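Chain by chain, the residues run as shown.
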Amino acid sequence: MDMIKLIIDKKPVEVEKGTTILQAADKIGIKIPTLCYLNLGGFNIENKPGGCRVCVVEVEGRRNLAPACATDCTEGMVVNTHSIRVLNARKTVVQLILSDHPFDCLVCAKSGNCELQDLAHKLGIREIPFQGEQSTYRKDTSPSIIRDVDKCIMCRRCEVMCNEVQTVGVLSAINRGFQAVVAPAFEMNLDHSVCTYCGQCVNVCPTGALTEVDHTNQLINDLADPEKVVIVQTAPAVRAALGEEFGMKPGTLVTGKMASALRELGFDYIFDTDFAADLTIMEEGTELLDRLTTYLNGDKTVKLPILTSCCPAWVKFFEHQFPEMKEIPSTARSPQQMFGAIAKTYFAQKINVDRKKLVVVSIMPCVAKKYECSRDEFKVDGNPDVDYSVSTRELASLIKRANIDFMALPDSGFDSPMGESSGAAVIFGTTGGVIEAAVRTAYELHTGKPLPKLDFEELRGLEGMRSATIDFDGLPINIGIAHGLGNARKLLNEIKEGKSHFHAIEIMACPGGCIGGGGQPYIHGDTSILQARQKAIYNEDAGKTLRKSHENPDIIRLYEEFLGKPLSHKSHELLHTHYFDRKKEVFID
Amino acid sequence: MAQQLKMHLLVCGGTGCRASESEAIQTNLERELKVHGLENEAKVVTTGCFGFCEKGPIVKIHPDNTFYVQVKPSDAKEIVEEHVLKGRKVERLLYSDPAKKEHVADSRHMGFYRKQIRIALRNCGFINPENIDEYIARDGYQALGKVLTELSPAQTIEIIKKSGLRGRGGGGFPTGLKWEITSKSVADQKYVVCNADEGDPGAFMDRSILEGDPHAVLEAMAICGHSIGATKGLIYIRAEYPLAIKRLKIAIDQARNYGLLGNNILETGFDFDVELRYGAGAFVCGEETALIHSMEGSRGEPTFKPPFPSVEGYLGKPTNVNNVETFANIPPIINKGAEWFASIGTERSKGTKVFALAGKINNVGLIEVPMGTTLREVIFEIGGGIKDGKKFKAVQTGGPSGGCLTEKHLDTPIEYDTLIAAGSMMGSGGMIVMDEDDCMVSVAKFYLDFTVEESCGKCSPCRIGNKRLYEMLETVTRGEATMETLQKLRLLSNVIKDTSLCGLGQTSPNPVLSTMDNFWDEYLAHVEDKKCPAGVCKSLMRYVVIPENCVGCTACARNCPVNCITGERKQVHYIDQSACIKCGTCLEKCKFNAIEIV
Amino acid sequence: MSSIKIKLKDKDVEQIKEICGSFNNQAGELINVLHKVQGVFGYLPAEVQEVVASELNVSVAKVYGVVTFYSFFTMIPKGRNPVSICTGTACYVRGAEKVLEEFKKELGIGVGQSTPDGKFSLTCLRCVGACGLAPVVMVGEKTYGRVSPDGVKDILKEYED
């Protein structure tokens, strides 16, 4: 490897050829401020349009300032990252950006997490000397995401996520010059577009231009309403990330504190989506075996591979982009919706409360879940199975608002009968987890033998596309995994072209799976946080004695008392769904 | 054949003259020749631009070089009957030298042409651009033949390097060096791109070359292709240039038919072909990375260099981008040698430069002068001085990237480096002359308006900074600015130059900085005295009645569109300043010189 | 950018598909395709962009991003007599601004708009290269040189029905 020697802020540094000034400076502890630059290391996602010009530095012998994020180091280069010229230019550039930015920081959803706000603070900006016209656009509210384009600073991160990573193609830079901004075609509303609500754009937006729809106020009202019984379910990936909002080390599991906090907030029943995840495995795993057996018995009309269907953004993606393949995914509803359907039937009967008085709330690492709740097929006479969903971030905000000292909370458990879960359910929170959980159950149901080893290392990791062949006692089962919709598209195209050799594929819309969901605490480009969350989830699984969904006693009881058996008539009615061709659903305002 | 004809009637077919019915002139001339049975004696030829657009439409008669100006279709009869038939020049259509007040028949004796040396424009106005034979007759495709049969790619590049030719599109990067870098990039496919997206407002050299001599560009692109190892050429041309597009298409077809484009050119085994790509109205696409993105079907946003197009360009392949005028210089350099070219011009700027001379000048048009010619020679000798005998105030070069130069710069020789040193730049060759009636703050504002409109919006200093510059200039022209505004203007201008992503933003504040440097008093007048010395800024004008002259005729009051003038008949009238919209109607209607602007 | 809501006829859709096909449905030919399509329809309404996007297999957002980037493309139909004022520098210093103001006043519309009867539309364009005739105005294909504000009425009169 060619090495290059250069000097940054009078300090010598040696780097590999192809290293940028930004990376070289970072190596010796010099953090050059950036704004548009984003590098999601490990996911092959990089955004460096060199557009914001915040990271400019002075390079000796160069006429103008150089953007550190996009300028490669050269031999003998002498760089100054904090000369008067640099500091003035950087400050002026940020002042310019602020001069075309609303001043509603105090009430902005992104306040406290805004990278522009941080930068203004860091650079000591106390006035904006350039006053003038501010660009204004229509505000757009969808079931999951709010666009307030007045706050767009043209960093293009969302455009990269939406187009290059997710290949959804809703967002693009439009217009030019002062009017340039990122928006959907014809500046149409998101809910008229092919947006999947994966929320990856929200995750990377440095300002308040893209935020999630806020359900906290509605939740506070419902909790205060004595007429209502409020039930909460919490998704597996939430407990691996919530602690970050309270300054805990990434990867700290806060399952017990979270349950206590929810109790403090006044929920009537604290349940776990993990319970429904086990239920999902029962239905989806059985469906897989069913299709597989039919296929092996000679019926080639059966649709294989089977695709997982837990992720609402992924579901909406194939409904828009591959409607001709809508028979392939499993018909199993997502754990969130299975939970809602069971809560408002089985559990409602148990406690003898009318479903209309029951409020089912979900805590999700996701913003697409907000949209999923609102889908008509998940309503009974207009009453949704899950009333609404709040994100991990929103829950943290609620806990803070309620003066709860999260760190001081004792651990507590979930309520019964929908609180017990297996380790298989916990790993739903990461890419590869759903399919591993399904394999654990399908294997034992198929072979009738106990698994020799529960940890399927070959299915784990953060590679965008992975595959493994699992030996089902002589029957080789080919498993595929994709996370990130761009990777999902590749697998779908293979299936379309008849080139796929998989029997089952797990797909998650977000890079990393739910641990990297659109509703999780912001990672600000630090992907080691995702790794820590993933590790925490596998640790929780490993620490459990109950690690297979079909051994969950509450699940067994549910089938005995209510559902009968997997894929029964009642299961079909409550736990399965069908998909829609949404190709023609996009319309122009 | 053409050689047997006694006379050629050359009619300018450039866009400017066409707009003044030159096509009808051509038709009428042909009809008149027929009427008089002269079809075998004389022939009408449509040519490219003669350059002297001010006096268009132009008809030139060969072989005697008679130069008729401002010809109307109805003049055809007289030209044929008098000049062609009887050999008598039509005096009233000859160019009249404003200084000597006498008619000049021979174009070579006209002040406009005397100081010009035409290399890039060598064929414009001489040949029919739609006829490849006429190009070939003037040594066309000879250079390509020489390159393909006698020279190695390295030798060709060496000649271009030695000639000292620098990019004529604005940057002035040495052309030979660019070719050399691209030639050394290793790839299975390379591209030659001709940048014909002339976007500088007030510049039309590239269009004139393409309209008047399209084969020159095709030949040069093929030479470039051979030198760098490319078999594909693309011309990125403004869609707003229909005539140039038409002639290029004809030229490409003809060249293919003659085996001068396509496979196995001149039986040498060299393949090269050219396609057209259309611009769609974005000035920033003159920047080569933006141009490449546009050719790839995307928004024309520039990207950070490196990688340079010579390494990673169109479709990721090494791409050599040169502008039209640069290419037009190539064949003569090959034909006549690097030494010949290097002998013209100055130490650091070789050859000639084409300028589009416009504005408040007598001889608007397209000129080509040796590098090192002074601005004074261009404006006062070639350009014939300032229109209507007014006083010279400034000359703007380099378009929106350039600056305004003044009286004190008039003896500056025109070179890449001297212009930059003077606070302007060569640019693509727009040269706009301004007189005492032009307000320099407004001129700066005009250019900023253009930049704001044309900024791609990718980087923040250009997207927002230029808008803020424009807004501050607006407060100056409205008399609302303070000295602090002027300080901020300068500070922000420097930051925009220092931090912008591409050449557009890096140069966009030049019109502001150069006018502040050279016309500081005028800025001060706007800010401190709330006056616009040139009388352009409406907000700073007040129309007032001169009581001693007012006879109370009521004409002003009756015509005022906002009824802000009061006064009884035969009494002195009064203009209410708070309601006045400064339309100037009162001044126009007053027959007694009783209204003045203060 | 506002757009006129239209319903494309089947034969229009076919025509767009044909144009895309003539460029082998290559995404890289987007700008050439848009030129051709605008040549046929006179403008690029949203519905047209959607067909182009699906034929070239690019997102409609990208097509819209390109359409709104280039000033040559328009989503608003032009008037029967499109008036274009050259606002290049040469025309500017010779009074194009005053001529533009006069057109705005006479037509009662702003730049980028059409008269309610669809007879005239008004746009500015960059240098047309007829600087010798500055200021220059184009109405359709016809070029008017050395236009003064006083001459505006006469020009418009030529287009009276």
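Attention in this report is confined to the structure presented alongside it. (Residues numbered from 1 in each chain as written. Chains lettered and ligands numbered in written order. Predicted model: local features only at pLDDT ≥ 70, side-chain atom pairs only at ≥ 80, totals over all residues. Heavy atoms only, no water.)

## Some words on unusual backbone geometry
Put simply, the rule is: Only DSSP runs of H or I with at least four residues qualify as helices, and only runs of E with at least two residues qualify as strands; both kinds are numbered from the N terminus onward.
The peptide bond linking B:Gly56 to B:Pro57 adopts the cis configuration, its omega dihedral lying at -5°. Looking along the chain, the bond that leaves C:Ala134 and enters C:Pro135 is cis, with omega of -5°. We note that A:Glu187 has phi near 50°; this positive angle belongs to a residue other than glycine. Within the secondary structure, A:Glu187 sits in the loop between β11 (181-184) and α5 (200-204). The phi dihedral of B:Asp139 is positive, around 70°, even though this residue is not glycine. Note on placement: B:Asp139 falls in the loop between α5 (132-137) and α6 (142-150).

## Concerning a positive patch on the surface
Residues and elements named next belong to chain B. The following threshold applies: Think of a patch as exposed residues, more than 30% relative accessible area, with no salt bridge, where like charges cluster within 9 Å and nonpolar side chains (Val, Leu, Ile, Met, Phe, Trp, Tyr) cluster within 5 Å. Here the open area of atoms and residues is found with the Shrake-Rupley method and a 1.4 Å probe, where only the protein chains shown may cover a residue. Salt bridge criterion: a side-chain nitrogen from Lys or Arg within 4 Å of a carboxyl oxygen from Asp or Glu. Under the counting rule used here, the positive set is Lys and Arg, the negative set is Asp and Glu, and His together with the chain ends is not counted. Charge coordinates come from a single atom per side chain, which is NZ of Lys, CZ of Arg, CG of Asp or CD of Glu. Throughout, exposure labels follow a simple rule: accessible area from a 1.4 Å probe, protein chains only, divided by the maximum for the residue type, with under 20% read as buried, over 50% as exposed, and the rest as partly exposed.
Together, Arg558, Arg569, Lys570, Lys589 and Lys591 line one region of the surface with positive charge. The topology assignment puts Arg558 in helix α23 (residues 555-559). The class for Arg558 is exposed, based on a relative accessible area of 58%.

## Concerning the sheet that holds strand β10 (residues 270-279) of chain B
Residue and element names in this part refer to chain B. Using the following cut-off: Two strands qualify as a pair provided DSSP detects at least 2 bridges between them. Axis definition: a line fit to C-alpha positions, over the contact stretch in the case of helices; interaxial angles, taken between N-to-C directions, run 0 to 180 degrees.
Across the sheet, which stays open at both edges, the five strands sit in the order β9-β10-β8-β7-β11 with mixed pairing between neighbours. Looking at the sheet topology across the chains shown, the edges are occupied by β9 (262-265) and β11 (319-323). Strand-to-strand twist in this sheet, taken as the mean axis angle between neighbours without regard to direction, amounts to 25°. With six bridges joining them, strand β7 (residues 191-196) and strand β8 (residues 232-238) adopt parallel strand pairing. The partner of Asn195 across the bridge, within β8, is Tyr236.

## Observations concerning the packing of helix α7 (residues 153-163) of chain B against helix α13 (residues 324-336) of chain B
Packed helices, taken two at a time, are described by their axes: the angle between them and the distance between them. Residue and element names in this part refer to chain B. Worth spelling out the cut-off: Oblique is the label for any angle not under 35 degrees, not over 145, and not in the 65 to 115 range, which are roughly parallel, roughly antiparallel and roughly perpendicular in turn. Contact definition: two residues touch when any of their heavy atoms are within 4.5 Å. Side-chain classes are defined by residue name, with Ala, Val, Leu, Ile, Met, Phe, Trp, Tyr, Cys and Pro counting as nonpolar, Asp, Glu, Lys and Arg as charged, and the others, Gly among them, as polar.
The N-to-C vectors of α7 and α13 enclose an angle of 105°; their axes lie 10 Å apart at closest approach. As judged from the angle between their axes, α7 and α13 are roughly perpendicular. Between α7 and α13, the residues in contact are Thr156, Ile159, Ile160 and Ser163 and Ile330, Ile333 and Ile334, respectively. Partitioning the contact of α7 with α13 into residue classes produces five nonpolar, two polar and no charged.

## Side note on empty space enclosed by the protein
Residues and elements named next belong to chain A. For clarity, the cut-off: Buried and open spaces are told apart on a 1 Å grid over the protein atoms alone, a cavity being a set of points where a 1.4 Å probe fits but cannot get out and a pocket being an open set with protein on both sides within 12 Å along at least five of seven lines. Residues with an atom within 4 Å of a point are the lining residues. Grid points are joined across faces, edges and corners, and a volume is the space filled by probe spheres set on the points.
Applying the stated rule across the entire model yields 13 cavities of 30 Å³ or more. As a volume, the largest cavity reaches approximately 260 Å³. Along its surface, the largest cavity is lined by 25 residues, and Cys310, Pro365, Lys369, Met508 and Cys514 are the ones closest to its centre. Those elements that place two or more of their residues in the lining of the largest cavity are α9 (312-321), α10 (335-351) and α11 (368-373). In terms of residue class, the lining of the largest cavity is built from 19 nonpolar, five polar and one charged. Here the second largest cavity is characterised by a volume of approximately 210 Å³. Taken together, 21 residues make up the lining of the second largest cavity; nearest its centre are Leu40, Gln200, Asn203, Val204 and Ile523. Tallied by class, the residues present in the lining of the second largest cavity amount to 10 nonpolar, eight polar and three charged.

## Here's the deal with the environment of B:Ser493
All names here are of chain B. Structurally, Ser493 is set in helix α19 (residues 483-499). Measuring from C-alpha to C-alpha, the distance between Ser493 and Leu473 comes to 12 Å, with 20 residues separating the pair along the chain. Apart from the residues within four sequence positions on either side, Ser493 is in contact with Leu469, Pro509, Val512 and Leu513.

## A closer look at a nonpolar patch on the surface
On the surface, a cluster of nonpolar side chains totalling about 310 Å² of accessible area is made up of B:Phe173, B:Leu177, B:Ile181 and B:Val311. Mapped onto the secondary structure, B:Val311 falls in the loop between α12 (288-295) and β11.

## Structural notes on the pattern of salt bridges
Residues and elements named next belong to chain B. All told, the structure shown has 94 salt bridges over all chains when counted by the stated rule. Measuring nitrogen to oxygen at the nearest pair gives 3.6 Å for the salt bridge that ties Glu130 to Lys246. You can see Glu130 sitting in the loop between α4 (111-114) and α5 and its partner Lys246 sitting in helix α11 (residues 242-257), a full 116 residues away along the chain. Residue class for Glu130 comes out partly exposed when judged on its relative accessible area of 26%. The partner of Asp435 in a salt bridge is Lys360, and the shortest N-O contact between them spans 3.2 Å. With Asp435 in strand β16 (residues 430-435) and Lys360 in the loop between β12 (352-359) and β13 (365-370), this residue pair connects regions lying 75 residues apart in the sequence. What makes Asp435 buried here is its relative accessible area of 3%. The class of Lys360 is buried, set by a relative accessible area of 12%.

## Considering the interface of chain A and chain C
Note the cut-off: Two parts placed together each lose some accessible area under a 1.4 Å probe, and the buried area is that loss summed for both.
The interface of chain A with chain C comprises 14 residues on the first partner and 17 residues on the second. Both faces considered, chain A and chain C share a buried interface measuring about 1200 Å² in area, 61% of it formed by carbon and sulfur atoms. Here chain A is connected to chain C by zero salt bridges. Residues belonging to the side of chain A that touches chain C are distributed by class as follows: eight nonpolar, four polar and two charged.

## Some thoughts on the interface of chain B and chain C
The test is simple: By the criterion applied in these results, polar contacts are pairs of N or O atoms within 3.5 Å in which, for protein atoms, one can donate a hydrogen and the other can accept it, and in which residues neighboring in sequence qualify only through two side-chain atoms.
Facing the 52 residues of chain B at the interface are 33 residues of chain C. Interface area, chain B with chain C, both sides summed: about 3200 Å², of which 56% is carbon and sulfur. Looking only at chain B, the three residues that lose the most surface to chain C are B:Ala280, B:Arg299 and B:Phe446, adding up to 18% of its buried area. Seen at the junction of chain B and chain C, the total is three salt bridges. A salt bridge links B:Glu54 to C:Arg94; its shortest N-O distance comes to 3.6 Å. At the junction of chain B and chain C, the tally comes to 15 residue pairs in polar contact (both at pLDDT 80 or more).

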